[in-house]
Amino acid sequence: MKNKSINSGQQLMLVESLSAIFGIIGITTGILSILALKPHIWIRPLIEGETDSFIFTSITVLFDFLSTFFAGFAWIIGTKIVNQKIKDKITISKKEKMANKMDLTSFFFGLVGWILSILSLLFLFDFMKDDFASEVATIISVILDATSASLVIAVIFILNSENKKKSI
C-alpha cells in the first residue's frame, strides 16, 4: 500500500506543479494582453495592438484552462489520497486536509478566471467589440488566476513540508 501512496503523492506534486506553471504563464500572457491594448506601449498602430491582444488573450484562455484543469485534477487526486488514508486508518494531518481544501478553492478561482478570460476574448470580436470591457475582464481574470496560482504554490510548500516531516 505504501508504494501506491508514494506514487499518488508524486503524481499529486506533478499535477500541482503543472497547475502552477500553466497558471503563471496564463497570468503573464494576460498581462501582455492588457498591455497590447495600449497603443503607447507597443508604439505601433492600434489595429496591430488589437491583433496582439487577441493573440495574447487566446493564449491566456488556453493556459487558464490548463491551470484550472490541473488544479481540479490535483483536488481529485488529493481527495483520493485522503479517502484512502481514512480507509487504511492512517492519520491525516490538518495540513493535508487544508491543502486539499486549498486545491478545491484554487480550482474555483481558476474557473472564474478562465471564464473571464473567455469573456475578454469575446469582447475583442467585432460582434461584441469593447476594448474597455475586455481590459477589465482580463484584469480581474489575472487577479483571480494569481490567487489560484498562489494557492497551488502554497499547497506545494505544505505538501513538501509534510513529506519532509514524514521522511525524518
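The structure this text deals with has already been given above.
Residues numbered from 1 in each chain as written. Predicted model: local features only at pLDDT ≥ 70, side-chain atom pairs only at ≥ 80, totals over all residues. Heavy atoms only, no water.

Caption draft 1: Summary view of the packing of aromatic side chains. Scanning the entire structure with this criterion turns up 9 aromatic pairs. Seen from their ring centres, Phe22 and Phe70 are 5.7 Å apart, and the 35° between their planes marks the pair as tilted. One end of the pair, Phe22, is in helix α1 (residues 2-36); the other, Phe70, is in helix α3 (residues 46-87), with 48 residues separating them in the sequence. Per residue, the accessibility class of Phe22 equals that of Phe70, and both read buried. Ring geometry for Phe125 versus Phe127: centroids 5.8 Å apart, planes at 25°, classification stacked. The exposure class of Phe125 is partly exposed, given its relative accessible area of 33%. Through a chain of ring-to-ring contacts, the aromatic side chains of Phe22, Phe63, Phe65, Phe69, Phe70, Phe73 and Trp114 assemble into a single cluster. (Phe/Tyr/Trp six-rings, centres within 6.5 Å; stacked < 30°, edge-to-face > 60°. Helix = DSSP H or I, 4+ residues; strand = E, 2+ residues; numbered from the N terminus. Buried < 20%, exposed > 50% of the residue type's maximum accessible area, 1.4 Å probe, protein only.)

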